[in-house]
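A closer look at the structure
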Number of protein chains: 2
Amino acid sequence: MDLSSFLTSLATSFVIFVVLMLLFTCLSARVGNNVVYYPNRILKGLDPVESRSRIRNPFSWILEALSSTEKDVIAMSGVDTAVYFVFLSTVLGILVLSGIILLPVLLPVAITDNGAKSNSNTVSNGTFNELDKFSMGNITGKSPRLWAFFVATYWVSFVSLYLLWKSYNHVSWLRSEALRSPEVKPEQFAVIVRDIPHLPEDQTRKEQVDSYFKTIYPETFYRSLIVTDNKRYGVNKIWEELEGYKKKLARAEAVYGGSKTTSKPEGTRPTNKTGFLGLVGEKVDSINYCNEKINELVAKLESEQNITLKEKQQGAALVFFTDRVTAASAAQSLHAQMVDTWTVFDAPEPRQIIWSNLNIKFFERELRQYVVYIIVALTIFFYMIPITFISAFTTLKNLMKLLPFIKPLARITVLKTVLEAYLPQIALLVFLALLPKLLFCLSKLEGIPTESQAIRAASGKYFYFTVLNVFIGVTVGGTLFSTFKTIQKNPNQIVSLLAQKLPGNATFFLTFVALKFFVGYGLELSRIVPLIIYHLKRKFLCKTEAELKEAWFPGDLGYGTRVPGDMLIVTIVLCYSVIAPLIIPFGVLYFGLGWLILRNQALKVYVPSYESYGRMWPHINNRVLASLVLFQVTMAGYFGVQKFVYTPLLIPLPILSLIFGFVCAKKFYPAFQHPTLEVAAHSLKEQPNLEQIFRSFIPPSLSSDKVDDDHFDDALSQVSRSTSFV
Amino acid sequence: MDLSSFLTSLATSFVIFVVLMLLFTCLSARVGNNVVYYPNRILKGLDPVESRSRIRNPFSWILEALSSTEKDVIAMSGVDTAVYFVFLSTVLGILVLSGIILLPVLLPVAITDNGAKSNSNTVSNGTFNELDKFSMGNITGKSPRLWAFFVATYWVSFVSLYLLWKSYNHVSWLRSEALRSPEVKPEQFAVIVRDIPHLPEDQTRKEQVDSYFKTIYPETFYRSLIVTDNKRYGVNKIWEELEGYKKKLARAEAVYGGSKTTSKPEGTRPTNKTGFLGLVGEKVDSINYCNEKINELVAKLESEQNITLKEKQQGAALVFFTDRVTAASAAQSLHAQMVDTWTVFDAPEPRQIIWSNLNIKFFERELRQYVVYIIVALTIFFYMIPITFISAFTTLKNLMKLLPFIKPLARITVLKTVLEAYLPQIALLVFLALLPKLLFCLSKLEGIPTESQAIRAASGKYFYFTVLNVFIGVTVGGTLFSTFKTIQKNPNQIVSLLAQKLPGNATFFLTFVALKFFVGYGLELSRIVPLIIYHLKRKFLCKTEAELKEAWFPGDLGYGTRVPGDMLIVTIVLCYSVIAPLIIPFGVLYFGLGWLILRNQALKVYVPSYESYGRMWPHINNRVLASLVLFQVTMAGYFGVQKFVYTPLLIPLPILSLIFGFVCAKKFYPAFQHPTLEVAAHSLKEQPNLEQIFRSFIPPSLSSDKVDDDHFDDALSQVSRSTSFV
């Protein structure tokens, strides 16, 4: 790639970005699209656009984003989103502070040398060496000019550590502020109890749990909720069926009733077939059929609920306390002498609980965790093997045998050639697209009890995949597996191999970062894809209000994949920051634009699907730190390649970073694992409604109107409830 | 060493043992020696000998020891001692069960082969090959007879794991029984608070602590005790001086008063000199002088106590709660959002607290810990270097320059030769004798707040020292340092090196074990050394009752060095159990005799100096497991040396052991770190006297009669005290 083609690609990306921004300006101004561009505000019951006067100004959203405070973000989108912005601004700060020193100092130093011609160590891909002049590769080996780069390495490291420290402090404060808030949060009064031992013969599960916790917490125990098996053939299935028929009924009524403005029925009564997918079977009147089915299912659900509550109780429970301090301290304390029984955890928000994982036993969880780790490690290192295997298997010939209907297509020569050439790549793309889902499923299989924790676990796995395979893979060339084979033969090469190959790939990554922010953030802001999907659905599918809402409901920010994606950029920019400082402005643009556009999206579009009060931060901090260590080690290697005699003076840097990580883990991390008592001890705005807190944790399939208190109650908990308010 | 000299050494040891046992029988029957042989019973207010009728039977102590139950041991000597016996009987069980199978099977298999002559792999030290015939070295390489040894390896492993599992369960139960006991134990109502943040300007330290804990525990907080700096030039020094003068006064009065039976003073009034060591200075009347001094010091102490309590408050405190559950749960919960402030720990018994360590800050403790670890690692690997250096420096010539008074001694030729020859060895012996003390001091320097934990830490360090230096050192030959240099050159040799050298040293260790149990336990039982010291002191030094008691006060069992010593035997016997099964009877004798003799000593002699409720067990368990893994790895290596083709089938064994350790750590260990709530929730025999609990934690130097409540109190805690009984 030469300079002109680099600039061309840059310009193209920029044009795409401008076009997408213009599209956003036009489309977001139309009231009909409000549900796509302002769903979060609409769901919160706010006016989509803050002040009508500014609507004509196409850049008003920028002003709004810039003028919004952290408090606004927390109010609109929760602490987790605010913590994500702390991450973006921390990295932005690191890059800006590094750039201010590095660009004006290192570029002149590099450009006035001409070591590249005389120095055989510089590796340059192809003919592109115009930009190479701006990089450390242009410095003559052993030159005293290397001192400038040496100092720059220290500067970047110190700036990073300083800002990370400040941010960790800030996030810790954010978390404690959110947790100490006087609002009643149901999860602060509950704990999850797992690994309940075998039931003694003369007790029900509920009696067992209640008597255990009443002994330990005679004054603060409120009541318990035994986890039941709702899953297979159970209430969940019946409930889902019931909900499905309810939707169908609403839809049939809407079709029959015609437009919602007229109350008089018009049109023919809709009919459907009862068989598979509504394609076969008897033809029936939809409304009558659905009503029948609903009545039938309601009765069935009721009896199944009774059975479930009585007979499908599992060895896990939610236990509620009358105050926050007891709940917070119970979640951190050992209860049983055998530590693998009666294990107690913080309760997450009700919507986050993965019910089916609660009953998994202690050592099964441990075992599952290790099995998953091994699978993930194998995936990271050998992911090319199944893909090669699959693509070898899915040759066009085989495909034609399996799917006879593509035979006519295959006869077209052009298509045939293209298909044959791209099948392996398609297999790879499909794999990469499915990977986050796969990792999330694997994380869930570990037995993790909450959604947010599973997402964090998946995100960590995805981070290792991207950094190892994309960054190191592209840099060193070839897959990780082949690299490891090389390294195995010569273990000392590991650092110098990376260092030698790094400069040559600078332009590849420059283009990569530019493409990612211009096109990626352009698409993000303009929301072209959701917009099209929404309008298509509205036209052809949605009949009822509920269906329409489903069509535009925006989902959340998607940390699971967003953070690892950003992390890859952090790693790339940090590693190249001193070698090729030109990458810093691109990094600044990426995180600056990202901050701006996502601020808009957080305030107006995305609806968080859970709240973990910033528990993501320790992971983010550690991964930025890991990137920093990779940068420091690579730099040490590269200085070695440049034959800089003072290279050992860089050794304190990675040690310092590791000590920093250790101190952070000791000073801040435990408060992210558990709520601290000092925070939980803050007084509440109002006396908590414990009954309501308890109800909020009942899964929807068990909480229909007919199922009243008695099911969850027995004499014991009645007593506890009446005494707890004395 | 040939067979006859081996038998001679064995016989000599045995004769010494018999002599010592006879001595014990004679001496212990004399009433005047009761304080040496039955101090624990005397201190507990019991009759020294249970029934006078049995006194003539020299073996009655054996019957008494055998018939004593675990409950007796706990009653007389505490849970820690009972746990030590669990350790002894576990190892005994492992060895007996192994021996039952291994001896009748392996010995015939080995003796009927004669591979040793044809097999060059067998390493035999010198001419001693009579015993070698009984060992695995006698088996021809690749012989199918090796299968017997292979199965034996599995048998020993499974027996060990099974018994360890049972013992861990049992000790866990013992601990929970002790902790749930309805007796009021002061430490169960208190927690240690360290890392209290800087004092706000408008508060005293006490107000700060009280208000912090009253907010979190409004109902269960009782009061707090701020840790003060009593050490340098403070109350501790004055108090010690005062106690010294009190002793001197008692002594002077005893001398003046003559025998205790007559009330009339006789003899001259004692005098002493006031200067250095009573050797120089003015001659004064002792009784008057001491009385003067005491009066002076009491006043000084009083004012110093006031100053200390008010002005020398430190950033640590003891906090007392009104019930056990709150104290147990507080010790396990995070209190502050910044985890390095307000850190809370279980309180130990008052007598165990190392007051001066309480004020060490969070990260200083971490730092101290790592520095100590590094020092210990260096000591283990390079302990020969300073000794060589010192012994090079302390040649006789240098010594004569430094200590001129040994010159006349050095002129005697025989003595000179001996001294010159043994000086390095003496240096080594002095070092080895001082090592436990040194390791204990190092452990204390880590900032550990309790005596028992410091002893555990020291014992761990001592274990690594002995196993690495004595066992591996003797086996491989030479110091660890030189071994590592060999291994570094050829890293794959590490296992086979050990395996090859092991059989050759079998007889050395056989003799070592025999010497240790015959002579060691003989001395232990007969208590010759304490007896002599006691009688010497009684004759020439002791004048008062208190001094006499000090002379016979027996001290505790000394886990710190006893457990690592036993561990060394465990390691030796396990590692040789299959290679040279003849070692098993020696191991059985060691642990059987040990059990018997120490049972006697625990019931009658030693007085435990602290109680940690079996916290030592997880360490013991892990170290036996480490020995087992060493055994398994060595066996794998030795089978390799014997060219046994199925050697890889041994690989599951160490993996299984590690999984066992992991499961134990997960299932049992946390309950040894913290008291569990289920245990703490058991009801007490009586309403605890909180005032008394609080008083028991006041250090003696601050708790004189004159210092009354007001010093420790202020308005706030008065309130809390009066409300807590409502």
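Heads up: the structure comes first, above all this text.
In what follows, the accompanying structure is described. What you see is a predicted model, and the numbers here were worked out from it, not measured in a lab.

Moving on, we get to a nonpolar patch on the surface. Residue and element names in this part refer to chain A. On the surface, a nonpolar cluster with roughly 460 Å² of combined accessible area is contributed by Val96, Leu97, Ile100, Ile101, Val105 and Trp155. Looking at the nonpolar patch element by element, the count peaks at 5 residues for helix H5 (residues 70–111). Looking at where Val96 falls in the secondary structure, it is placed in helix H5. A residue is classified by how much of its surface remains accessible, and Val96, at 33% relative accessible area, is partly exposed.

Interface extent is often summarised as the accessible area lost during association of the parts. Taken together, the 38 residues of chain A in the interface contact 38 residues of chain B. Around 3200 Å² of area is buried between chain A and chain B when both sides are counted, 60% of it from carbon and sulfur atoms. Where chain A packs against chain B, one counts 4 salt bridges. Close ionic contact of B:Lys667 with A:Asp340 constitutes a salt bridge, the shortest N to O distance being 2.8 Å. The interface formed by chain A and chain B holds 21 residue pairs in polar contact (both at pLDDT 80 or more) in total. Broken down by secondary-structure element, the contributors of at least two residues to the side of chain A that touches chain B are helix H7 (146–179), helix H8 (205–216), helix H11 (324–330), helix H12 (362–382), helix H26 (652–667), helix H27 (670–673) and helix H28 (677–680) of chain A. Residues belonging to the side of chain A that touches chain B are distributed by class as follows: 20 nonpolar, 11 polar and 7 charged.

Screw-axis analysis of chain A against chain B gives a translation of 0.0 Å along the axis, an RMSD of 0.1 Å, and a rotation angle of 180°. Those values place the two copies in the arrangement expected of a two-fold rotation axis. Comparing interface residues between copies, 100% of those in chain A also sit at the interface in chain B, which points to an isologous, same-surface contact.

Our next topic: the pattern of salt bridges. All names here are of chain A. Scanning the model with the defined rule gives 34 salt bridges over all chains in all. One salt bridge connects Glu243 with Lys246, and the closest N-O pair in it is separated by 3.8 Å. Separated by 3 residues within a single helix, Glu243 and Lys246 lie in helix H9 (residues 235–257), roughly one turn from each other. Relative accessible area serves as the criterion here: at 31%, Glu243 is assigned to the partly exposed category. Residue classification places Lys246 among the partly exposed residues on the basis of a relative accessible area of 40%. It is possible to trace a salt-bridge network through shared partners that takes in Arg223, Glu691 and Arg695.

Let us look at the packing of helix H4 (residues 60–67) of chain B against helix H24 (residues 583–604) of chain B. Residue and element names in this part refer to chain B. Where H4 contacts H24, the two axes come as close as 9 Å, and the packing angle between them is 85°. Here H4 lies roughly perpendicular to H24, going by the angle between them. Contacts from Trp61, Ile62, Glu64, Ala65 and Leu66 in H4 reach Trp595, Leu596, Ile597, Arg599, Asn600 and Lys604 in H24. For the contact of H4 with H24, the residue count by class is 7 nonpolar, 1 polar and 3 charged.

Let's shift gears to the sheet that holds strand E2 (residues 221–228) of chain A. Think of a sheet as strands paired side by side through backbone hydrogen bonds, with each pair either parallel or antiparallel. All names here are of chain A. Strand order in the open sheet formed by 4 strands is E2-E5-E1-E6, with antiparallel pairing between adjacent strands. At either end of the open sheet lies a strand with only one pairing partner, and these are E2 and strand E6 (343–346). Each adjacent strand pair in this sheet contributes to an overall mean axis angle of 30°, direction not counted. Two strands pair when backbone bridges link them, and strand E1 (residues 190–194) and E6 are joined in this way by 4 bridges, in the antiparallel orientation.

This brings us to the sheet that holds strand E1 (residues 190–194) of chain B. Residues and elements named next belong to chain B. Strand order across the open sheet formed by 4 strands is E2-E5-E1-E6, with antiparallel pairing between neighbours. Edge strands, defined here as strands with exactly one partner in the open sheet, are strand E2 (221–228) and strand E6 (343–346). Between one strand axis and the next, the sheet turns through 30° on average, direction left out of account. Summarising the sheet, E2 and strand E5 (residues 313–321) pair through 6 bridges and their orientation is antiparallel. Within the sheet, the bridge partner assigned to Thr228 lies in E5 and is Gln313.

Turning to the nonpolar core, a few remarks are in order. Counting 119 residues, the largest nonpolar core has B:Phe87 and B:Val578 as its most contacted members. Per-element accounting of this core gives the leading share, 17 residues, to helix H5 (residues 70–111) of chain B. In this structure B:Val578 touches B:Leu102, B:Leu106, B:Met136, B:Phe149, B:Ala152, B:Thr153, B:Val156, B:Phe631 and B:Met635, once residues within four positions along its chain are discounted. By size, the runner-up hydrophobic cluster in this structure holds 117 residues, among which are A:Tyr37, A:Leu574, A:Met616 and A:Phe668.

Residues and elements named next belong to chain A. Applying the stated rule across the entire model yields 75 aromatic pairs over all chains. Measuring from centroid to centroid gives 5.1 Å for Trp147 and Phe150, while their planes differ by 75°, and the two rings are edge-to-face. Pair noted here: Trp147 and Phe150 are both in helix H7, with a separation of 3 residues, about one helical turn. Aromatic ring contacts, followed pair by pair, group Tyr84, Phe85, Phe87, Tyr521, Tyr559, Tyr590, Phe591 and Trp595 into a single cluster. Against the face of Phe668 rests Lys667, its NZ or CZ located 6.0 Å from the ring centre.

Here we take up H12(A). Side chains of residues three or four places apart in an α-helix project in the same direction, reflecting 3.6 residues per turn. Residues and elements named next belong to chain A. Along its 21 residues, H12 runs 30 Å from first to last C-alpha, staying within 8% of the 30 Å computed at 1.5 Å per residue. Taken together, the buried positions of H12 are Phe362, Arg365, Glu366, Val372, Val376, Thr379 and Ile380. Along the axis of H12, the buried positions cluster into a sector of 150°, meaning they face one direction only. Turned more than 90 degrees away from the buried face of H12 sit Leu367 and Ile374, all of them exposed.

Our next topic: the pairing of E1(A). Regular strands have side chains that alternate between both faces of the sheet. Residue and element names in this part refer to chain A. Judged by how many residues are buried, E1 sits mostly within the fold: 5 of 5 residues are covered. The alternating pattern of E1 places Ala190, Ile192 and Arg194 on one face and Val191 and Val193 on the opposite face, and all of these are buried. Of the pairings in the sheet, the one linking E1 to strand E5 (residues 313–321) comprises 4 bridges and is antiparallel in character. The residue of E5 that forms the bridge with Val193 is Ala317.

It is worth spelling out H5(B) at this point. Taking 1.5 Å per residue, 42 residues should reach 62 Å; H5(B) reaches only 42 Å between its end C-alpha atoms and comes up short. The largest bend in H5(B) comes to about 130°, at B:Ser77.

As a further point, take the side chain of B:Ser13. If you trace the backbone, B:Ser13 turns up in helix H1 (residues 3–29). If we ignore the near neighbours within four places in the chain, the residues touching B:Ser13 are B:Leu515 and B:Phe518.

Another aspect to go through is the environment of B:Ala580. Residues and elements named next belong to chain B. Residue position: Ala580 is located in the loop between helix H23 (559–576) and H24. Sequence separation of Ala580 and Leu102 is 478 residues, and the distance between their C-alpha atoms is 9.9 Å. Setting aside anything within four residues of it in sequence, one finds Ala580 in contact with Ser135 and Ala506.

Once that is clear, we can look at the side chain of B:Arg223. Checked against the element boundaries, B:Arg223 lands in strand E2. Only 3.0 Å separates the side chain of B:Arg223 from the side chain of B:Glu691, close enough to count as a polar contact.

A few words on the packing of H5(B) against helix H25 (residues 617–641) of chain B. All names here are of chain B. Here H5 crosses H25 at 20°, and the two axes come no closer than 10 Å. With respect to H25, the element H5 is oriented roughly parallel. Here the hand of the crossing between H5 and H25 comes out right-handed. Judged by residue contacts, Val83, Val86, Phe87 and Thr90 of H5 engage Trp617, Ile620 and Val624 from H25. Taken together, the residues of the contact of H5 with H25 break down into 6 nonpolar, 1 polar and no charged.

The rules behind these values
- Residues numbered from 1 in each chain as written.
- Chains lettered and ligands numbered in written order.
- Predicted model: local features only at pLDDT ≥ 70, side-chain atom pairs only at ≥ 80, totals over all residues.
- Heavy atoms only, no water.
- Patch = residues over 30% accessible without salt bridge, like charges linked within 9 Å, V, L, I, M, F, W, Y side chains within 5 Å.
- Areas by Shrake-Rupley, 256 points an atom, 1.4 Å probe, with all protein chains shown as cover.
- Salt bridge = Lys/Arg side-chain N within 4 Å of Asp/Glu carboxyl O.
- Helix = DSSP H or I, 4+ residues; strand = E, 2+ residues; numbered from the N terminus.
- Buried < 20%, exposed > 50% of the residue type's maximum accessible area, 1.4 Å probe, protein only.
- Contact = heavy atoms within 4.5 Å.
- Buried area = accessible area lost by both parts, 1.4 Å probe.
- Polar contact = N/O pair within 3.5 Å; in protein donor to acceptor, adjacent residues only side chain to side chain.
- Nonpolar A, V, L, I, M, F, W, Y, C, P; charged D, E, K, R; others polar.
- Least-squares fit on C-alpha atoms with pLDDT ≥ 70 in both.
- Axes fitted to C-alpha atoms, helices over the stretch in contact; angles between N-to-C directions.
- Parallel < 35°, antiparallel > 145°, perpendicular 65-115°, else oblique.
- Pairing = 2+ DSSP bridges.
- Core = buried A, V, L, I, M, F, W, Y, C linked by side-chain atoms within 4.5 Å.
- Phe/Tyr/Trp six-rings, centres within 6.5 Å; stacked < 30°, edge-to-face > 60°.
- Lys NZ or Arg CZ within 6 Å of the ring centre and 35° of its normal.
- Expected span 1.5 Å × (residues − 1).
- Arc of directions from axis to C-beta.
- Bend = angle between axes of the 7 residues up to and from the residue.
- Left-handed = near helix turned anticlockwise from the far one by under 90°.

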